[in-house]
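Observations on the model geometry
As a plain string of letters, each chain reads:
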Number of protein chains: 2
Amino acid sequence: MLKNVLNPKNCIDKKVFEKKIVSIQERLGAIQRALREAHIPVIIVMEGWDAAGITHSTKEVIESLDPRGFTLNTIMQPTDDERVRPFMWRFWIRTPPKGRIALFARSWYSRAISAEMQRTSWTKSLEGGIISINNFEQQLADDGTIIIKFFLHIDKVEQKHRFEEREKNPLSAWLVTPALWNLHNAYDLSFPVIDHFIEETNTAFAPWHVIDATDQNFAVLEIYATLIKTLEKTLNDRANGKTIRHNEPLLPKKHPLKRKTANRTQDISCVKKECIPIVDHLQEEMLRTQALLYKRKIPLIILYEGWDAAGKGGNITRISRHMNPRGYDVIPVIAPDATEQSHHYFWRFINYFPKAGHIAIFDRSWYGRVLVERVEGYCTECEWKRAYREINDMEADFIYSTGGGILKFWLEISKEEQLKRFNQRKSDPLKQHKITEDDWRNREKWDQYEVAIDEMLARTNTKIAPWTVIGSDDKWTARVKSIEAVTSYCKKLLE
Amino acid sequence: MLKNVLNPKNCIDKKVFEKKIVSIQERLGAIQRALREAHIPVIIVMEGWDAAGITHSTKEVIESLDPRGFTLNTIMQPTDDERVRPFMWRFWIRTPPKGRIALFARSWYSRAISAEMQRTSWTKSLEGGIISINNFEQQLADDGTIIIKFFLHIDKVEQKHRFEEREKNPLSAWLVTPALWNLHNAYDLSFPVIDHFIEETNTAFAPWHVIDATDQNFAVLEIYATLIKTLEKTLNDRANGKTIRHNEPLLPKKHPLKRKTANRTQDISCVKKECIPIVDHLQEEMLRTQALLYKRKIPLIILYEGWDAAGKGGNITRISRHMNPRGYDVIPVIAPDATEQSHHYFWRFINYFPKAGHIAIFDRSWYGRVLVERVEGYCTECEWKRAYREINDMEADFIYSTGGGILKFWLEISKEEQLKRFNQRKSDPLKQHKITEDDWRNREKWDQYEVAIDEMLARTNTKIAPWTVIGSDDKWTARVKSIEAVTSYCKKLLE
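Residues numbered from 1 in each chain as written. Chains lettered and ligands numbered in written order. Predicted model: local features only at pLDDT ≥ 70, side-chain atom pairs only at ≥ 80, totals over all residues.

Some points on the sheet that holds strand β7 (residues 328-332) of chain B
All names here are of chain B. With parallel pairing, the 5 strands of this open sheet are ordered in space as β7-β8-β6-β9-β10. At either margin of the open sheet sits one strand with a lone partner, and together these are β7 and β10 (467-471). Strand-to-strand twist in this sheet, taken as the mean axis angle between neighbours without regard to direction, amounts to 20°. Across 5 bridges, strand β9 (residues 405-412) lies against β10 in parallel orientation. From the neighbouring strand, Trp 410 faces β10, where its bridge partner is Val 469. (Pairing = 2+ DSSP bridges. Helix = DSSP H or I, 4+ residues; strand = E, 2+ residues; numbered from the N terminus. Axes fitted to C-alpha atoms, helices over the stretch in contact; angles between N-to-C directions.)

Take a look at the structure:
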């Protein structure tokens, strides 16, 4: 896509530019207000060769925007904190809430291309990186985010000329480092890599606009024209009820899981007394396992889903009892707050994704999308149907990009056992706070939840991140199985 | 405070410990729920010698807590992001919201002592660091946070013994680094520094508890006993309406500022045409200034307060027009959301404090406490009266700990001019969104605001962070003065 873009005729006189720019900026300002009112999030990506004018163009664009409604993200070398997270983490947490514009002056593309050029790619291959980026953009686009990507193109001669100009200016001379000259020398080497990246990520939901940036005025007007055209069209489409694409075929069901019989097929029928020494032993093994994961910088996600009162809390306590508290976090998931609701539903979880060598234990998770949100109607049918694929993609991306693992537990109890536990909680003053009206209401929808649970288990039981169903009518048996599953999963991770 | 703490009798048998611990943990769990219901935030600091058992004690404490109600902050070496912010920034942003417990496994103390020992102190002196920490803790305590600080004490012989034990264990051997042995060798050198720090930060609002940690069981029970005693007492006191200390004498007024006559004493009575070239010239100077601040890593806060429609937005646009967008942020301050409201009122601002070499421009600021919050009764009289001292302390701390600057503008317009602008906004379709019902309501309280503004200017016009009052009835004059003030202030910063 980089070929045949540059043309000496792409040039605009300063006076013409200044005449045009004022009304254009006012128009974009008005569009921004309309986007805010329509609760549409927008991502604008500014990429390009060094010295192609990313800063200048960004400045022009933000000049027309109300600072209350946009965020500028400058993507530089990753920080310590970013280095130890999944590659896309730093971008996920910066995605805009509804009605807001997020500008990225350089983005995941620069980071990915730089990783590729330095052969420190975070995925096994260039193609892996492309899949990862396309997934990310599709997840956001499907959720309603408009993504507009610009690549500012200049040729090698022009780049050299600009570097030399900057070197002559004492204020910018120190910024033209030998490393930057190295990048210039590698221009021809980078060209096909960048071109390939752009080709392969030029999707319908997040198209590229390659801009001839040899003349800055021309480039800025092109950017403005593209922004105005795209945003006005989307505003119109949405006002007329048109959405990009939503209905997608449901994922096929994966390996079936025997949930309902989980409690009946217990192979260890043990009582508390027998279990306690086993749990003790496993906890010590868990501590050793954690130390190895930490040392080898392998991150692990453990997530618990299950019926109310199935014993998620008890399991988590038993797993973490001997673990070093500095190396793990328990993330109790409750209803999202207003800020969280205005983002993609992954956003609040990804924020808590573990650092290299750390363990994140989720007490409930993103599977809420296909459980409570589905049953209670908090999301549309299209949304929860799409979620199976989205979740599988997201989990695979975490595993591939970090070399870490995801362990998913479903805690199964019978309806009778739940009632027994609810009543116990009601009568025990130390446990009363654990039972609420919501729990009783959820119980009334037992059958609807069963349908949702079975579908979830069937469609998201992937090879790379399979579910473990644990029959939990017997609390202590469940705890033994749960820790056993964690230690044996980790053993495989460490192999 | 470290002397005479260690005693060989401080020892508890394992069986006795296990008998006691269960009921104690249940009690702390119940206290946690009571704290949540009473909306009381708690900070627990775990400090101590290396290998004194900070991790072990932390693990014991969190075992009794509901993970939904606490956060564990592990303070290690500062990250890149933390290194370029004010020293206390990383701790401020981790302070707990109302009803939540924040545990710090190591804290500002370890970082400050380490900085002191390595002679890379972030303040000019040890005493500066102590003042800074006491300010921080007092700000939080006055806001209702309970602060409980533990120092786990062991002697040099015991420390050596523990290091050696860890070296024998293959899982922990790699963690006993030469650097750690260096710290052990410096035990006697560190002792007086730590002792002095503890003495000087042992305040009524955030007292220290030095614990003999030679026997782990003893230490854990001591920690629990202290937590339970302190927290139960506070719960009782608060339930009975007792608060720690609130009424403090108002700060004396500083240098008086002529606000009302600002518009009458304009020394440049210029019109738009005359001003534009001056502004152009100053903007270029601003770009040069920004480049120098960036290169020399000096952070700058510019904040704008002023009557509605006084022209804050216009001023900010003119200042930043030529600036590099990667080096500054505009932070538009609106009403706090629920999360922000559950924190200390500084919290949401400190989050946006500039990195080294960066500029943060606040469109409204923490002065809302003594303006809108005072006038509208969103905070108590005690709170806004205390705020003058709190704000002066906080600003001084930013300047001393970063070597940066704070520039505060008050934009003054006459009541007539405001009415004119309100009406203009109402009738201009491009500006209609800028005027709301709130603006008209605020205008009705003009006189009350005048009292609050004058008191704010009088009490927070410190030498280190003085106010600049700008007569803004003439927009362009105001813009010239505002940029002039910024560039000349920066020149002084760069001297």
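Digging into the domain arrangement of chain A
It is common to give the size of an interface as the accessible area lost on bringing the parts into contact. Residue and element names in this part refer to chain A. Taken as a whole, chain A is organised into domain 1 (14-239) and domain 2 (272-494). Relative placement of domain 1 and domain 2: their C-alpha centres are 37 Å apart. The element best represented in the side of domain 1 that touches domain 2 is helix α6 (residues 126-142), accounting for 6 residues. Of the residues contributing to the side of domain 1 that touches domain 2, the split by class is 10 nonpolar, 6 polar and 4 charged. (Domains from an automatic or database assignment. Nonpolar A, V, L, I, M, F, W, Y, C, P; charged D, E, K, R; others polar.)

Here's the deal with the relation of the copies chain A and chain B
The two chain copies are related to each other by a rotation about an axis together with a translation along it. Taken as rigid bodies, chain A and chain B are interconverted by a rotation of 180° and an axial shift of 0.0 Å, the fit giving an RMSD of 0.0 Å. This pairing of chains is accounted for by a two-fold axis. Closest to the rotation axis within chain A is the C-alpha of Asp80(A), separated from it by 3.1 Å. Of the interface residues in chain A, 100% have counterparts in chain B that sit at the interface too, so the contact is made through matching surfaces. (Least-squares fit on C-alpha atoms with pLDDT ≥ 70 in both. Contact = placed C-beta atoms within 7 Å.)

Topic: the interface of chain A and chain B
Each partner contributes residues to the interface: chain A has 29 residues there, and chain B has 29 residues. Residue assignment for the side of chain A that touches chain B shows that the elements contributing at least two residues are α1 (14-37), α2 (54-63), β2 (70-74), α3 (80-83), α11 (272-295), β7 (328-332) and α13 (338-341) of chain A. Looking at the side of chain A that touches chain B, its residues break down into 12 nonpolar, 7 polar and 10 charged.

Points about the confidence of the model for chain A
Fine structural detail should not be taken from predicted coordinates in areas where pLDDT scores are low. Residues and elements named next belong to chain A. Of the residues in chain A, 96% have a pLDDT of 70 or more, and the chain-wide mean is 91. Within chain A, the lowest mean pLDDT, 82, falls on α3, and the highest, 98, falls on strand β6 (residues 300-306). The ipTM, which scores confidence in the relative placement of chains, is 0.83 for this predicted complex, and the corresponding pTM is 0.88. (pLDDT = per-residue confidence, 0-100.)

Topic: the pairing of strand β3 (residues 101-105) of chain A
All names here are of chain A. Within β3, 5 of the 5 residues are buried, which leaves it mostly tucked inside the rest of the structure. A two-sided burial pattern is seen for β3, the buried positions comprising Ile 101, Leu 103 and Ala 105 on one face and Ala 102 and Phe 104 on the other. Note that strand β1 (residues 42-48) and β3 share 5 bridges and pair parallel. Directly across from Val 45, in β3, lies its bridge partner Phe 104. Sheet analysis places β2 next to β3, joined by 5 bridges and oriented parallel. Along β3, the bridge assignment pairs Thr 74 with Ala 105. (Buried ≥ 20, exposed ≤ 12 C-beta atoms within 10 Å, placed from the backbone.)

Comments concerning helix α20 (residues 475-494) of chain B
Residues and elements named next belong to chain B. Over its 20 residues, α20 runs 29 Å from end to end, which matches the ideal 28 Å to within 8%, given 1.5 Å per residue. Within the sequence span of α20, burial applies to Trp 476, Thr 477, Ala 478, Arg 479, Val 480, Lys 481, Ser 482, Ile 483, Val 486 and Cys 490. Packed against the buried residues of α20 are α11 (272-295), β6 (300-306), α12 (312-320), β9 and β10. (Expected span 1.5 Å × (residues − 1).)

Points about unusual backbone geometry
All names here are of chain B. Despite not being glycine, Asn 4 shows a phi value in the positive range, around 60°. Take Asn 4: it is sitting in the segment before α1 (14-37). A tally of 7 C-beta atoms within 10 Å means that Asn 4 is categorised as exposed. At Arg 364, a residue that is not glycine, the phi angle is positive and equals roughly 75°.

Points about the sheet that holds β3(A)
Residue and element names in this part refer to chain A. Taken in spatial order, the 5 strands make up an open sheet running β2-β3-β1-β4-β5, and their pairing is parallel. Among the strands making up the open sheet, the edge pair consists of β2 and β5 (208-212). Strand-to-strand twist in this sheet, taken as the mean axis angle between neighbours without regard to direction, amounts to 20°. Of the pairings in the sheet, the one linking β1 to strand β4 (residues 146-153) comprises 7 bridges and is parallel in character. Of the residues in β4, the one forming a bridge with Val 42 is Ile 146. Packed onto the sheet, α2 meets β1, β2, β3 and β4 and runs at close to 165° relative to β3.

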